[in-house]
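A structural walkthrough
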Amino acid sequence: MTDAAGPERLALRTLARLAEPARPRVDPRELRTRIVHLGLGAFHRAHQAPYTEDAVAAAGGDWGIAGVTLRSRKVLDQLAAQDCLYSVLERSNAESHIRVVGAIREALFAGDESAEVVRRLADPAVAVATMTVTEKGYGGPVIGLLVDGLHARMRADAGPLAVVSCDNLAHNGSTLAGRVRDFVEHMPDGERVQTWLAASVTFPNTMVDRIVPATTEADRAEVARLIGLRDEGAVVTEPFRQWVVQDEFPGGRPAWERAGVVLTRDVESYELAKLRMLNASHSALAYLGWPAGCDTIADAMGVEAFATVVDRLMREDVQPTLDPPEGLDLEQYRNQLLDRFANAALRHRTEQVAMDGSQKLPQRLLPTLAQRRAAGAEPRWGARVLAAWMCWVWIDRRADGTPRPLDDPLAETLAGAVANVTTPAQVVNRLLAVREVFDARFAEDGVIRKLLVEAVEQISRVGTADAARMWESEDRT
Ligand code: CS2
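Residues numbered from 1 in each chain as written. Predicted model: local features only at pLDDT ≥ 70, side-chain atom pairs only at ≥ 80, totals over all residues. Heavy atoms only, no water.

**Quick word on the pattern of salt bridges**
Under the defined criterion, the tally for this structure stands at 42 salt bridges. Across the salt bridge formed by Glu 331 and Arg 334, the nearest N and O atoms sit 3.0 Å from each other. Pair noted here: Glu 331 and Arg 334 are both in helix α12 (residues 330-341), with a separation of 3 residues, about one helical turn. With relative accessibility at 39%, the residue Glu 331 sits in the partly exposed group. Overlapping salt bridges bring together Arg 25, Glu 53, Asp 54, Arg 99 and Arg 241 as one network. (Salt bridge = Lys/Arg side-chain N within 4 Å of Asp/Glu carboxyl O. Helix = DSSP H or I, 4+ residues; strand = E, 2+ residues; numbered from the N terminus. Buried < 20%, exposed > 50% of the residue type's maximum accessible area, 1.4 Å probe, protein only.)

Okay, here's the thing in structure tokens:
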């Protein structure tokens, strides 16, 4: 129903107006909080939440999610006014598909309601905690909040818990476990907590994959048109989704396997393949594409020389470092990724992917370079991508004058490192000296340094597009 104020809000009371295929696959009223999720961003709403709803639809259960927003009340305000219901709009070049998800049953803001968050984590009905806090979150306050919750859970004798990192980090579960243990070590009853953690809490490793751009006003308008209701919490994503999880859930879990989740012991090889193939290519398209005027990842794929860079990066530098799990064909995987990147309907912004490079590259790109060097190889394509990031840091606007957005927790350090430098060799030396990003051994590798200086020189002289064309043609000869 539309009036002057626009369509009515999506909510439990308006759900019946949705066309059948768009309705939640389970009755949200039959779910209760059994999972606590830290980091209620678009990614969680498009990934773990629909997987959980699908698992309940297929196998039964009452697995609902309490979503915790960490940085601001914004998402809470968007969701609370609509009973935490929201749409997931899948877009591909061929078609789009919309559904409303009801798996999130309550939303909390950690800033105002940390005591409530702790109470949920200590609730015996809760068996799983998941988190998406991005790479930089692992050194931040959320670890303290999680530890408070675990501590309360121990004191309440509320039973075992699985804490599942869903971020793009190699060995994300083990990394999170390490951060939690470091934190606990400094607590007065640290030893007791460590013992309890070892006996009662698991930190499964996971590989998560779904491309989820930030939602725009235009997206929300399209959602309103499609469902006839206003939805402030809508998310947009690609049709593809994948989740590989180490199956260590001492307190039980949703039957995610019924929703297509792969539960296995060997998560690591999936994680590395995804980080080094998909995420590294994404960063490549962002740092090459944005300076050349490509606003989206698909625009960057439209520049043939950039598509060549990511294809050859994966083929020549990344694939030789991978030991794929059975059933993962790297040739097929690469081609599938190239297709996914070319999804123009998604409008995934290069600027969004370019964010936080200092946190992302050590996960997705540097290990490839280091491993290739250890094997005596010259990883030219990977070095060129790293050079593109160095130019991103160094060159503060693109040819049309648009200022380059350096959105990075180390922005000050990075900008300081390249202040007043004038030559490509200086840029490379100064940035390689940033120890938060590069370890000394990597920085001292003469071959890496030579490849970087060469590519930084080329990019700064002719721009990323012509530099990529040079690499392409040089290499054909
Ligand atoms: C992207 C990822 O923003 C980025 O750095 O590379 O968010 C990417 O879209 C997801 O990992 C896909 O699963």
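**Digging into the site of the ligand**
In the neighbourhood of the ligand, the contacting residues comprise Asn 168, Asp 209, Arg 210, Ile 211, Lys 274, Leu 278, Asn 279, His 282, His 348, Val 353, Lys 360 and Arg 364. Residue Asn 168 places a side-chain N or O atom 2.9 Å away from an oxygen atom belonging to the ligand. A distance of 2.8 Å is found between an oxygen atom of the ligand and a side-chain nitrogen or oxygen belonging to His 282. When the free accessible area of the ligand is taken as 340 Å², the share hidden by the protein chains comes to 88%. Sorting the residues of the shell around the ligand by element identifies α9 (268-289) and α14 (357-364) as the ones contributing at least two each. The biggest single contributor to the shell around the ligand is α9, with 4 residues. In terms of residue class, the shell around the ligand is built from 3 nonpolar, 4 polar and 5 charged. (Near = heavy atom within 4 Å. Polar contact = N/O pair within 3.5 Å; in protein donor to acceptor, adjacent residues only side chain to side chain. Areas by Shrake-Rupley, 256 points an atom, 1.4 Å probe, with all protein chains shown as cover. Nonpolar A, V, L, I, M, F, W, Y, C, P; charged D, E, K, R; others polar.)

**Some points on the sheet that holds strand β6 (residues 96-101)**
Taken in spatial order, the 3 strands of this open sheet run β6-β5-β12, and their pairing is mixed. Two strands bound the open sheet, and with one partner strand each, they are β6 and β12 (235-237). The sheet shows a mean angle of 20 degrees between the axes of neighbouring strands, taken without regard to direction. Here strand β5 (residues 86-91) pairs with β12 via 3 bridges, running parallel. Its bridge partner lying in β12, Leu 89 is registered against Val 236. Helix α8 (residues 217-227) rests against β5, β6 and β12 of the sheet, and its axis sits at about 100 degrees to β5. (Pairing = 2+ DSSP bridges. Axes fitted to C-alpha atoms, helices over the stretch in contact; angles between N-to-C directions. Contact = heavy atoms within 4.5 Å.)

**Structural notes on the packing of α9 against α14**
Each pair of packed helices can be summarised by the angle the axes make with each other and by the distance between the axes. At a minimum axis separation of 9 Å, α9 and α14 run at an interaxial angle of 140 degrees. Considering the angle they form, α9 stands oblique to α14. As for the relative orientation of α9 and α14, their crossing is left-handed in sense. Judged by residue contacts, Leu 275, Arg 276, Asn 279, Ala 280, His 282, Ser 283 and Tyr 287 of α9 engage Gly 357, Leu 361, Gln 363 and Arg 364 from α14. Per-class residue counts for the contact of α9 with α14 are 4 nonpolar, 5 polar and 2 charged. (Parallel < 35°, antiparallel > 145°, perpendicular 65-115°, else oblique. Left-handed = near helix turned anticlockwise from the far one by under 90°.)

**Focus: the nonpolar core**
Counting residues in hydrophobic clusters, the biggest one holds 77 residues, and the most contacted among them are Phe 306, Leu 386, Trp 389, Met 390, Phe 438, Leu 452 and Trp 471. The element best represented in this core is helix α16 (residues 380-394), accounting for 12 residues. Setting aside residues up to four positions removed in sequence, Leu 386 forms contacts with Leu 361, Leu 365, Leu 366, Leu 369, Phe 438, Phe 442 and Leu 452. The next biggest cluster of nonpolar side chains, apart from the first, holds 37 residues, and it includes Ile 35, Ala 103, Ala 107 and Val 212. (Core = buried A, V, L, I, M, F, W, Y, C linked by side-chain atoms within 4.5 Å.)

**Observations concerning α9**
The first and last C-alpha atoms of α9 sit 30 Å apart over 22 residues, in line with the 32 Å expected at 1.5 Å per residue. The sharpest bend along α9 reaches about 25 degrees and sits at Leu 275. (Expected span 1.5 Å × (residues − 1). Bend = angle between axes of the 7 residues up to and from the residue.)

**Here we look at the pairing of strand β3 (residues 32-38)**
When a strand is regular, its side chains alternate between the sheet's two faces. Burial of β3 is extensive: 6 of the 7 residues sit out of reach of the surface. In the sheet, β3 pairs with strand β4 (residues 63-69) via 6 bridges, with the strands oriented parallel. Paired with Ile 35 across the two strands is Ile 65, which belongs to β4. In this sheet, strand β8 (residues 128-131) lies alongside β3 in parallel orientation, the contact comprising 4 bridges. For Ile 35, the partnering residue across the bridge sits in β8 and is Val 128.

**Looking at the sheet that holds β8**
To summarise the sheet geometry, strands pair through backbone hydrogen bonds and adopt either a parallel or an antiparallel arrangement. Spatially, 6 strands are ordered β7-β4-β3-β8-β9-β10 in an open sheet, and the strand pairing comes out parallel. At either margin of the open sheet sits one strand with a lone partner, and together these are β7 (104-109) and β10 (201-202). Set on the sheet, helix α4 (residues 110-121) makes contact with β3, β4, β7 and β8; between it and β7 the angle comes to about 130 degrees.

**Describing unusual backbone geometry**
Backbone geometry at Asp 83 places phi at a positive 55 degrees, although glycine is not the residue there. Here Asp 83 shows up in the loop between α3 (74-80) and β5. Overall, the relative accessible area of 30% leaves Asp 83 in the partly exposed class. Even without being a glycine, His 171 presents a positive backbone phi close to 50 degrees. Tracing the backbone through its elements, the reader meets His 171 in the loop between β9 (161-165) and α6 (172-185).

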